[in-house]
Amino acid sequence: MELIFATANKHKLAEAQAVLGPSFTLVTPASLGVTEEIPETAETLEENALMKAEYLWNRFHKPCFADDTGLLAEALGGRPGVYSARYAGPGADPQKNMSRLLSELKGCTNKKARFETVAALILSPGEKYLFKGTLEGEIIETPAGSGGFGYDPVFVPEGYDKTLAEITPQEKNNISHRGKAMRKLSDFLNNRAKS
């Protein structure tokens with residue numbers, strides 16, 4: 001099955017493809033000629049994921065999905081949350097976002113945090129589905145590891161002594177918030193195909 005995936009992030013694309021497996025072919029908006037940025041201006045992860053998926057549906061009328069991910073730090077009242085990718089302001093990169101997070105957590109004893117991913121799937125105008133995955137853990141003060149992306153170098157999953165940037169891509173897919181959301185989406189589509 002071919003699915004349009006609203007991402008320009010090659011790491012995210014590879015992660016999603018690895019989880020969904022060979023029965024799905026993921027197509028990016030760029031490969032279909034979409035050069036503009038897909039809007040994500042909502043206040044929640046669910047609304048953002050749906051907004052991006054609807055943008056693609058309205059353009060191509062083909063099965064598509066989008067995801068939105070946030071890092072929710074307990075001591076910061078759930079920030080950066082929906083603003084995770086642009087936490088350090090316009091033109092922010094992962095390094096600047098991480099630096100802002102670490103400076104805001106300086107001196108906090110509570111380093112608990114959670115990653116949340118919401119994937120929105122649209123198969124037809126009347127068929128819109130949401131799938132959620134979470135990963136509990138904590139933030140460390142010194143980034144470690146060169147794998148992954150985003151906040152991975154400062155996030156240690158519960159039960160681990162390594163950051164998400166220090167574990168293998170397979171291991172990350174097995175435990176990650178995005179991996180969990182994608183598996184739910186994949187199971188849903190596979191079960192539909194069987195029925």
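Right, let's walk through the structure included here. Predicted model, so just to flag it, every value in this text is computed and none were measured. Think of each chain on its own: its residues are numbered from 1, step by step along the sequence as written. The model is predicted, so local features are restricted to residues of pLDDT at least 70 and side-chain atom pairs to those at 80 or more, both for listing and for counting; the totals for chains, interfaces and linings are taken over all residues. Computation of side-chain values covers all heavy atoms of the structure but excludes hydrogens and water.

A few words on the packing of aromatic side chains. Between the rings of Phe, Tyr and Trp (Trp by its six-membered ring), a pair exists once the centres lie within 6.5 Å; its type follows the angle of the planes, with under 30 degrees stacked, over 60 edge-to-face, and the other angles tilted. Counted according to the given criterion, the structure contains 4 aromatic pairs. Seen in terms of ring centroids, Tyr-129 and Phe-188 are 4.4 Å apart; in terms of plane orientation they differ by 50 degrees. Their pairing is tilted. Of this pair, Tyr-129 sits in strand E6 (residues 127-139) while Phe-188 is found in helix H5 (residues 177-194), placing the two residues 59 residues apart along the sequence. Ring geometry for Phe-131 and Phe-188: centres 5.5 Å apart, planes at 55 degrees, overall tilted. On the criterion of sequence distance, the pair formed by Phe-131 in strand E6 and Phe-188 in helix H5 is long-range, its members being 57 residues apart. The exposure class of Phe-188 is partly exposed, given its relative accessible area of 22%. Site record: aromatic cluster; members linked through ring pairs are Tyr-129, Phe-131 and Phe-188. Against the face of Tyr-87 rests Arg-100, its NZ or CZ located 4.0 Å from the ring centre. Counting from the N terminus, the helices are the DSSP runs of H or I reaching at least four residues and the strands are the DSSP runs of E reaching at least two. Exposure classes here rest on a 1.4 Å probe applied to the protein chains alone. A residue is buried below 20% of its type maximum, exposed above 50%, and partly exposed in between. Only Lys NZ and Arg CZ are tested; either one counts as a charge over a ring when it is within 6 Å of the ring centre and within 35 degrees of the ring normal.

So, on to H5. In this model H5 runs 26 Å from its N-terminal to its C-terminal C-alpha over 18 residues, within 8% of the 26 Å that 1.5 Å per residue would give. Where H5 is concerned, the buried positions are His-177, Arg-178, Gly-179, Ala-181, Met-182, Leu-185, Ser-186 and Leu-189. Where H5 is buried, its residues touch strand E1 (2-5), helix H1 (10-20), strand E3 (64-73), strand E5 (112-124), E6 and helix H4 (169-175). Each residue after the first adds 1.5 Å to the expected span of a helix. For this analysis, residues touch if any pair of their heavy atoms sits within 4.5 Å.

Our focus in this paragraph is the pairing of E1. When DSSP locates at least two bridges between a pair of strands, those strands are taken to pair. The pairing of E1 with strand E2 (residues 25-27) spans 3 bridges and is parallel. Paired with Leu-3 across the bridge in E2 is Leu-26. At this point the chain moves from E1, through H1, to the parallel E2, and the crossover so formed is right-handed. Pairing between E1 and E3: 2 bridges, direction parallel. By the bridge assignment, Ile-4 is partnered in E3 with Cys-64. By convention, a crossover is right-handed whenever its connection, traced from the first strand over the helix to the second and viewed with the strands pointing away, goes clockwise.

All right, on to helix H3 (residues 94-105) then. Look at H3: 16 Å from first C-alpha to last across 12 residues, which is about the 16 Å you get at 1.5 Å a residue. For H3, the set of buried residues is Asn-97, Met-98, Leu-101, Leu-102 and Leu-105. When H3 is viewed along its axis, its buried side chains cluster within an angular range of 130 degrees and face the same direction. Downstream of H3 by a residue or two, Gly-107 has a phi angle that is positive, lying close to 85 degrees. Our arc is simply the arc of the directions from the helix axis toward the C-beta atoms.

Let's shift gears to the pattern of salt bridges. By salt bridge we mean one thing: a side-chain nitrogen of Lys or Arg within 4 Å of a carboxyl oxygen of Asp or Glu. Counted under the stated rule, the structure contains 15 salt bridges. Its salt-bridge partner being Arg-100, residue Glu-104 comes within 2.8 Å of it at the nearest N-O pair. Taken together, the positions of Glu-104 and Arg-100, both in helix H3 and 4 residues apart, correspond to about one turn of that helix. Looking at Glu-104, the relative accessible area reads 23%, which means it is partly exposed. We classify Arg-100 as partly exposed; its relative accessible area is 33%.

A contiguous patch of negative charge on the surface is contributed by Glu-74, Glu-136, Glu-138 and Glu-158. Looking at where Glu-158 falls in the secondary structure, it is placed in the loop between strand E7 (155-157) and H4. Patches here are clusters of residues that have more than 30% relative accessible area and form no salt bridge, with a 9 Å joining cutoff for like charges and a 5 Å cutoff for nonpolar side chains (Val, Leu, Ile, Met, Phe, Trp, Tyr). Surface accessibility in these figures is a Shrake-Rupley result with a 1.4 Å probe; residues are shielded only by whichever protein chains are displayed. In this charge count, Lys and Arg are treated as positive and Asp and Glu as negative; neither His nor the chain ends contribute. We put the charge of a Lys on NZ, of an Arg on CZ, of an Asp on CG and of a Glu on CD.

The axes used here are C-alpha line fits, helices contributing only the stretch in contact, and every angle between their N-to-C directions lies in the interval 0 to 180 degrees. Viewed as axis vectors pointing N to C, H1 and H5 meet at an angle of 45 degrees, and their least axial separation amounts to 9 Å. Between H1 and H5, the angle falls in the class oblique. With respect to the hand of their crossing, H1 and H5 are arranged in right-handed fashion. Together, Lys-12, Glu-15, Ala-16, Val-19 and Leu-20 of H1 and Arg-178, Gly-179, Met-182, Arg-183, Leu-185 and Ser-186 of H5 make up the contact between the two elements. All residues other than Ala, Val, Leu, Ile, Met, Phe, Trp, Tyr, Cys, Pro, Asp, Glu, Lys and Arg, Gly among them, are scored as polar; the first ten of these are nonpolar and the last four charged. Tallied by class, residues from the contact of H1 with H5 come to 5 nonpolar, 2 polar and 4 charged. When an angle is under 35 degrees it counts as roughly parallel; over 145 it counts as roughly antiparallel; between 65 and 115 it counts as roughly perpendicular; any other value is oblique. Helix crossings get a hand from a simple test, with the near helix turned counterclockwise from the far one by less than a right angle marking a left-handed crossing and a clockwise turn marking a right-handed one.

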